[in-house]
Amino acid sequence: MSASGRTSSAAVPLARRRFLAGVAAGAAVLTAGGCARGASTSAQPGTTSISNDNATWDDGYRSAGRELKKITGYELRPLSNPSVTSYQQVVQMTLQTSKSTDLVKWASGYQLKRLARAGGLTDLTRVFKGYAAKGWVRGSSWDAVSYRDKAYGIPLYESYYVLFYSKPVFRRLGLSVPDSWDALLHCAEVLKRNGITPFLASQVGGWPAIEWFQELVSKSDPGFYQRLVDGEASYTDAPARRAMDIWHDFMRKGWMTSPDFDQARGPGALKEGTVGMFLHGTWQASGMSAAGMKPGTDYGAFILPTVRPATAKSVIAESGVFVVPGRASSHEAAMANVGAWLDPSVQRVWSDFLEDSSANPKVQAGNPVVAGLQRDVARNRRQALVRYWEASPPSLVQGNSNDLGGFMAGQTSPAATLKRMQERAQDEWAAWKRDEA
Amino acid sequence: MSTSTTDRRPPTAAGGPAGPRRPAPRLPLGHAWQTTRERLAAGGFMAPAVLLVTLFLLAPFVWTVYRSFFSDTRTAPFSWFDNYALFASDPALARSIQNTLMWVVGTVALPFVLGLAIAVMTNAGRLSRLARLCVVLPYALSGSAVAVVWNFMLTTDGAVNQVLTTVGLDSVAQGWLLTWPGNTVVMILANAWQATGVAVILFLVGLQSIPPETLEAGSLDGANGWQQFRHIVLPQLRPVSIIVIGMSLVNGLKSFDLIWVLTQGGPGRATETLAVSMYNETFLELRPGAGAAIAVVLTVIVLAASWVYLRRQLDVKGG
């Protein structure tokens, strides 16, 4: 709105210069911001950042961090990415940069071996051996945290795969905790007759498809399960076929939820009494509490009975680990915190938060249901078997999980599913061994 | 680059008689310097855009093509076309191609037909604005949000099955996202629900630019409603139709977000499209070479389909 054309034309170059200057300044600020280390992963005095794929654990890390600070002077600062898929990508990519967090939560077993193989992790052998000398870590954990005779992870927690059940529902229907396979089948029949889906089974999110597979195979023949995940047995062998037939039979009888049932709804379904038993890790205990269920009163848990009475007793164990990136922003602080993580005072707080068993065998779980399971594992000398997700090379497990998901959706028969899994196992084990060589 | 652009003859010169062209005057030295300066300035202004496109589009693409020729083992040796051979040997990728074709057909046909029908029906009338708003609104939602809503509806114990059970149609209730090809079909329908909005907007713009005289003339000549639509309206909507179909074609080929949130390509990789397979192979199966090969094939298909379609349509229009 200049009064004359002259004024207007004179104003244009000035406005353009200002505009260009503004754009240049903006670009400079953006560039500077882009080059700077992200505020979230930068070193912050008195803290160590931790990458985490479960945002509901953030408060637990903070509580444990306060205990850690009393020992090391450093708290924990959780940075969560709740999508497991994107979490894995982000961690693997940031490990190659100078922007990685100080501590990273990761899976143990082959997942850790693959990460360690790519380089960029700190050797934690001395820390692990220090814990072992104090009896603060199970010696059997070594295989799950090591690669080529060096430890790269410190156990973060230890969970068992169990069947949670609703105590009020079982009481109402006159059911008791099944101590044999026949008793389990009886429970399922009664629940089904009363309009309750006996078992929760899901493939939402991909990995849950392994849960029933690992349970049924290990409870059919734990030795076979171990050989299978080690690549020494075939997926088409009799024990695997038997396990898949049982699973197929359960599905045909309508004993399992639809495969698109989201496990996040498991505690709610148990509370409502629409689902009878929920197969999951004991870390789900905190989810039960979040749904307003009291351990021992509203819910209990038991380990799936073996298919035959004579079969050796076992339990599927899942152990997450902490790893320390070699290029962590506060490497010294991170090493101090992994060095004190399994201290009983820290683990007391952490285990109480998770309501799960600690990786330190000297710390008893505060949750009475989990403490009961710990006693069961010790009393029956159950063989702890590594969860399927961590027990074989990641590409093999990922592909086989997809196949099991397809089986759950009725796309393939048990035999066809196992055949595909075996074909993949041959290829992926050959690839893993070739890479190792 | 700037030289070739400025030297190129304008398109009108090829089709019609060229106007009188003034011979280029011989420029004195000062003018030559000024021309060079102008070219340099133009280059300077173009440089950031060229640099960004090169850095973020062309360079990654070249690297992706390069990576696709290497195997996915740890040492990643050169493996010629092994990654491309997966299309013949991996049943999941064969299914992925099938699904991609279904998506292309679905995302082209449904938004086109529905968009045109809704635009024609709501072009006039008092309640048309409200109806139009209802159709266009989903387009404003993000793909992921739409997928979350549809997930709530399509799971086995979701809203759709609950409604069916309530009205006594238990036999129709099923796991909509579990069995192929039904799961792909319902996702295409969910996508159409969202994508139709933009087609409606474009067709409405097209309809409003049709001169009313042409319809009046048709009416005076005794053409009925259908004849007017078929022979007067539809031919004049051709430019808009080209855009709608072109956009839908590309959207169909690169469909990802809805599938990822609803099924993650499962169960058993049954609902993957090429875009989802590319992601799955690269980041979940940890085979970047195979993922790169899928990315290259997908890019070639998108470019070829767009080029063939647009070239044909624009040629026809031009002719």
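From a predicted model like this one, the values you see are computed outputs, not experimental measurements.

Draft legend 1. Layout of the overall build of chain B. Of regular secondary structure, chain B possesses 15 helices and zero strands. Buried residues in chain B amount to 29% of all 319 residues. For chain B, the share of sequence-separated contacts (at least 6 apart) that also reach a separation of at least 24 residues comes to 70%.

Draft legend 2. Seen up close, the UniProt feature "transmembrane region" (unreviewed entry) in chain B. All names here are of chain B. UniProt's feature table lists "transmembrane region" (unreviewed entry) at residues 40-63, 101-121, 133-153, 185-207, 240-262 and 290-310, given in the numbering used throughout. In residues 40-63, the share of helix is 100% and the share of strand is 0%. The end C-alpha atoms are 30 Å apart. The span residues 240-262 is 87% helical and 0% strand by assignment, and the distance between its end C-alpha atoms comes to 31 Å.

Draft legend 3. Representation of the domain arrangement of chain A within the structure. All names here are of chain A. Under the domain assignment used here, chain A contains domain 1 (47-158 + 319-361) and domain 2 (160-316 + 387-436). Here the C-alpha centroids of domain 1 and domain 2 sit 27 Å apart. Contacts between the two partners involve twelve residues from domain 1, matched on the other side by eleven residues from domain 2. If you tally residues by element for the side of domain 1 that touches domain 2, the top one is helix α4 (residues 109-117), at four residues. Of the residues that constitute the side of domain 1 that touches domain 2, the class distribution is five nonpolar, four polar and three charged.

Draft legend 4. Summary view of the packing of helix α11 (residues 238-252) of chain A against helix α19 (residues 414-436) of chain A. All names here are of chain A. At a minimum axis distance of 9 Å, the contact between α11 and α19 shows a crossing angle of 135 degrees. Regarding the angle of α11 to α19, the classification is oblique. For the pair α11 and α19, the sense of crossing is right-handed. Residues Ala-240, Arg-241, Met-244, Asp-245 and His-248 of α11 lie in contact with α19, whose contacting residues are Pro-414, Thr-417 and Leu-418. Partitioning the contact of α11 with α19 into residue classes produces four nonpolar, two polar and two charged.

Draft legend 5. Structural detail: unusual backbone geometry. Of the consecutive residues Trp180(B) and Pro181(B), the connecting peptide bond is found in the cis state with omega at 5 degrees. Note on placement: Pro181(B) falls in the loop between α8 (159-166) and α9 (182-208). Between Gly266(B) and the following residue, Pro267(B), the backbone shows a cis peptide bond with an omega angle of -5 degrees. Mapping Pro267(B) onto the fold places it in the loop between α13 (257-262) and α14 (274-284). The phi dihedral of Arg381(A) is positive, around 45 degrees, even though this residue is not glycine.

Draft legend 6. Representation of the sheet that holds strand β6 (residues 154-155) of chain A in the model. All names here are of chain A. The five strands are arranged β2-β1-β3-β12-β6 in an open sheet whose pairing can be described as mixed. Of all the strands in the sheet, just β2 (75-80) and β6 have a single pairing partner and so form its edges. Note that strand β1 (residues 47-52) and strand β3 (residues 103-107) share two bridges and pair parallel. Opposite Ser-51, over in β3, you have Val-104 as the bridge partner. Contacts between α4 and the sheet are confined to β3 and β12 (320-323), with β3 contributing the most and set at about 130 degrees to the helix.

Draft legend 7. Looking closely at the pairing of β12(A). All names here are of chain A. Residue alternation in β12 divides its side chains into two sets, Gly-320 and Phe-322 and Val-321 and Val-323, and both sets are buried. Pairing analysis gives four bridges linking β3 to β12, with the strands arranged antiparallel. By the bridge assignment, Lys-105 is partnered in β12 with Phe-322.

Draft legend 8. Representation of the interface of chain B and chain A within the structure. Tallying the contact residues gives 19 residues for chain B and 23 residues for chain A. The residue makeup of the side of chain B that touches chain A, split by class, is seven nonpolar, eight polar and four charged.

Draft legend 9. The arrangement of the environment of Gly168(B) in detail. Residues and elements named next belong to chain B. Summarising the element assignment, Gly-168 is placed in the loop between α8 and α9. The exposure class assigned to Gly-168 is exposed, which follows from the 8 C-beta atoms found within 10 Å. Gly-168 sits 98 residues away from Phe-70 along the chain, and the two C-alpha atoms are 56 Å apart.

Draft legend 10. Just the nonpolar core, in detail. Membership of the largest hydrophobic core comes to 159 residues, with the highest contact counts inside it found for Ile154(A), Leu163(A), Phe164(A), Val323(A), Val324(A), Val338(A) and Phe203(B). With near-sequence residues (within four places) excluded, Val323(A) lies in contact with Val104(A), Trp106(A), Leu115(A), Leu121(A), Tyr152(A) and Gly153(A).

Draft legend 11. Quick look at the environment of Ala409(A). Its place among the elements puts Ala409(A) in the loop between α18 (394-408) and α19. Sequence separation between Ala409(A) and Asp260(A) is 149 residues, and the spatial gap between their C-alpha atoms is 8.5 Å. The contacts of Ala409(A), once residues within four sequence positions are left out, are Pro259(A), Leu178(B), Thr179(B), Pro267(B) and Gly268(B).

Draft legend 12. Region of the structure containing the confidence of the model for chain B. Residues and elements named next belong to chain B. Here chain B averages 85 in pLDDT, and 89% of its residues register 70 or above. Ranking the helices and strands of chain B by mean pLDDT puts α8 first, with 94, and helix α1 (residues 2-7) last, with 39. Taken as a whole, residues 1-20 scores under 50 in pLDDT and shows five contacts with residues more than four places along the chain or in a different chain. This prediction of the complex comes with two scores: 0.84 for pTM and 0.79 for ipTM.

Thresholds applied
- Residues numbered from 1 in each chain as written.
- Chains lettered and ligands numbered in written order.
- Predicted model: local features only at pLDDT ≥ 70, side-chain atom pairs only at ≥ 80, totals over all residues.
- Helix = DSSP H or I, 4+ residues; strand = E, 2+ residues; numbered from the N terminus.
- Buried ≥ 20, exposed ≤ 12 C-beta atoms within 10 Å, placed from the backbone.
- Contact = placed C-beta atoms within 7 Å.
- UniProt positions renumbered as here; feature names shortened; annotations may be inferred.
- Domains from an automatic or database assignment.
- Nonpolar A, V, L, I, M, F, W, Y, C, P; charged D, E, K, R; others polar.
- Axes fitted to C-alpha atoms, helices over the stretch in contact; angles between N-to-C directions.
- Parallel < 35°, antiparallel > 145°, perpendicular 65-115°, else oblique.
- Left-handed = near helix turned anticlockwise from the far one by under 90°.
- Pairing = 2+ DSSP bridges.
- Core = buried A, V, L, I, M, F, W, Y, C linked by C-beta atoms within 7 Å.
- pLDDT = per-residue confidence, 0-100.

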